[in-house]
Amino acid sequence: MDLCLGGLSGAAVLFHKKGHMIVDIIEYFLPGKTKEKIQKLLAKIIRTTCWVFLVFVFYYSIILTISVANQYAVSFRLSRLYVSAALPVSIVVMFIFEVISLYERNRGKEQC
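Residues numbered from 1 in each chain as written. Predicted model: local features only at pLDDT ≥ 70, side-chain atom pairs only at ≥ 80, totals over all residues. Heavy atoms only, no water.

1. Remarks on the environment of P88
Part 1: Tracing the sequence through the fold places P88 in helix α5 (residues 86-107).
Part 2: Through-space distance from the C-alpha of P88 to that of T65 is 8.3 Å; in sequence the pair is 23 residues apart. (Helix = DSSP H or I, 4+ residues; strand = E, 2+ residues; numbered from the N terminus.)

Take a look at the structure:
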């Protein structure tokens, strides 16, 4: 259970630090002004894709969590609700990080 929760919370931190989203190969071959435009476009595409993906995964993780709420782990007699709840909780943390990042971008602290 700790490994699952730790892995998912680690994914939330990587999401916040933009550690999952690296698209350098396209930017490497482009000149200056075109590179900046492509970087901004890619940042918007990645951000939109991430929001759609997070909403999709959050919806189905809630369904999963509800469906296993009455099941128990055999060895611990612990509800599987606690194990499966790690996913929607981590996605909520990712949403929070993305909202903070959006706020900082609008205030000019972050470039893309």
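2. Description of the side chain of S90
Part 1: On the secondary structure map, S90 appears in helix α5.
Part 2: Using a relative accessible area of 4% as the deciding quantity, one classes S90 as buried.
Part 3: Here A86 takes part through its backbone oxygen, which lies 2.9 Å from a polar atom of the side chain of S90. (Buried < 20%, exposed > 50% of the residue type's maximum accessible area, 1.4 Å probe, protein only. Polar contact = N/O pair within 3.5 Å; in protein donor to acceptor, adjacent residues only side chain to side chain.)

3. Examining the packing of helix α3 (residues 32-67) against α5
Part 1: Put simply, α3 and α5 touch, their axes get as near as 9 Å, and they point 155 degrees apart. When the axes of α3 and α5 are compared, the pair comes out roughly antiparallel. Relative to α5, α3 is oriented so that their crossing is left-handed. Residues R47, W51, L54, V55, V57, F58, S61, I62 and T65 of α3 pack against L87, P88, I91, V92, M94, F95, E98, V99 and R105 of α5.
Part 2: The residue inventory of the contact of α3 with α5, partitioned by class, reads 13 nonpolar, two polar and three charged. (Axes fitted to C-alpha atoms, helices over the stretch in contact; angles between N-to-C directions. Parallel < 35°, antiparallel > 145°, perpendicular 65-115°, else oblique. Left-handed = near helix turned anticlockwise from the far one by under 90°. Contact = heavy atoms within 4.5 Å. Nonpolar A, V, L, I, M, F, W, Y, C, P; charged D, E, K, R; others polar.)

4. Looking at the packing of aromatic side chains
Part 1: Overall, the coordinates contain four aromatic pairs when judged by the stated rule.
Part 2: Here the aromatic rings of Y59 and Y60 are separated by 4.9 Å at their centres, their planes lie at 85 degrees, and the arrangement is edge-to-face.
Part 3: For Y60, a relative accessible area of 45% gives the class partly exposed.
Part 4: Connected via pairs of aromatic rings, a cluster forms that spans W51, F58 and F95. (Phe/Tyr/Trp six-rings, centres within 6.5 Å; stacked < 30°, edge-to-face > 60°.)

5. So, the pattern of salt bridges
Part 1: For the structure shown, the criterion picks out one salt bridge.
Part 2: Residue E98 is joined to R47 by a salt bridge in which the shortest nitrogen-to-oxygen separation is 3.8 Å. Residue E98 is located in helix α5, and its partner R47 is located in helix α3; the two are separated by 51 residues in the primary sequence. (Salt bridge = Lys/Arg side-chain N within 4 Å of Asp/Glu carboxyl O.)

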